[in-house]
Amino acid sequence: MKTQAENFKSGFVAIAGAPNVGKSTLLNRLLGEKLAITSKKPQTTRNRILGVLHEPGAQIVFLDTPGVHPSSKPLNIRLVDVALTAIADADVILAVADASIPDPASEEVVLSALKKSKQPVLLALNKIDLVEKPLLLRHIDTWSRRYRFEAIVPISARKGIQLGALLQSME
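The present account deals with the structure reproduced in this document. (Residues numbered from 1 in each chain as written. Predicted model: local features only at pLDDT ≥ 70, side-chain atom pairs only at ≥ 80, totals over all residues. Heavy atoms only, no water.)

## Topic: the nonpolar core
Counting 24 residues, the largest nonpolar core has Leu26, Phe62, Leu94, Ile155, Leu166 and Met170 as its most contacted members. It is helix α2 (residues 23-31) that contributes the most residues to this core, four residues altogether. The contact partners of Phe62, leaving out residues within four places of it in the chain, are Val13, Ile15, Leu27, Leu30, Leu31, Ile49, Leu50, Gly51, Leu53, Leu167 and Met170. Listed in part, the 20 residues of the second largest apolar core include Ala95, Ala99, Leu123 and Val131. (Core = buried A, V, L, I, M, F, W, Y, C linked by side-chain atoms within 4.5 Å. Buried < 20%, exposed > 50% of the residue type's maximum accessible area, 1.4 Å probe, protein only. Helix = DSSP H or I, 4+ residues; strand = E, 2+ residues; numbered from the N terminus. Contact = heavy atoms within 4.5 Å.)

## Side note on unusual backbone geometry
Of note in this structure, Asn20 is not a glycine but carries a positive phi near 60°. Here Asn20 falls in the partly exposed class, since its relative accessible area comes to 34%. In the Ramachandran plot, Gln162 falls in the positive-phi region, its phi being about 70° despite a non-glycine side chain. Residue placement: Gln162 occurs in the loop between β6 (151-154) and α6 (163-169). For Gln162, a relative accessible area of 39% translates into the label partly exposed.

## A word on the packing of aromatic side chains
For the structure on display, the rule yields two aromatic pairs. Ring pairing ties together the aromatic residues Trp143, Tyr147 and Phe149, which thus form one cluster. One cation-aromatic arrangement involves Arg146 over Trp143; the distance from NZ or CZ to the ring centre is 4.5 Å. (Phe/Tyr/Trp six-rings, centres within 6.5 Å; stacked < 30°, edge-to-face > 60°. Lys NZ or Arg CZ within 6 Å of the ring centre and 35° of its normal.)

## Some words on the sheet that holds strand β4 (residues 92-98)
Two modes of strand pairing occur in sheets, parallel and antiparallel, and in both the strands are linked by backbone hydrogen bonds. Strand order in the open sheet made by the six strands is β2-β3-β1-β4-β5-β6, with mixed pairing throughout. The outermost strands of the open sheet, each flanked by one partner alone, are β2 (49-55) and β6. In this sheet, neighbouring strand axes are inclined to one another by 25° on average, regardless of whether the strands run parallel or antiparallel. With four bridges connecting them, strand β5 (residues 121-126) and β6 associate as parallel partners. Looking at β6, one finds that Leu123 is bridged to Ile152. (Pairing = 2+ DSSP bridges. Axes fitted to C-alpha atoms, helices over the stretch in contact; angles between N-to-C directions.)

Following this line, the structure appears as structure tokens:
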């Protein structure tokens, strides 16, 4: 019989995605406190932000990252490099995409990085409170054909919808 210590799990989860998909909002909601700055302005997160979630039997260290997108500006290139380094350092990657306003160019940059990684990848399809169910189902279908995710979980970080299911998918 395993002891409680032997059943304890811990790991690093990189939260990655295009700018303004709700990565920092998701981190804040999961932790139950405002740790990361949120704004409608792209690239508000400029460094990776660490947040630790303590659960019975688990500890998850989340790495909130700057938005990944195509750019030729030196600052933006640096911010994308920060995000990609966090992806490489994580045990699990939590990709976040906006169900209400897709960003195909940035999503392709994110997918390219995911395809180079060896870690398991989950997709949180965020902002489901802003789309009709038939469109959401089409987004889920489209994303499932773009990459082989361990799980695709539709969520609303702002409203806290489906976050328990998202955490369960990380086990």
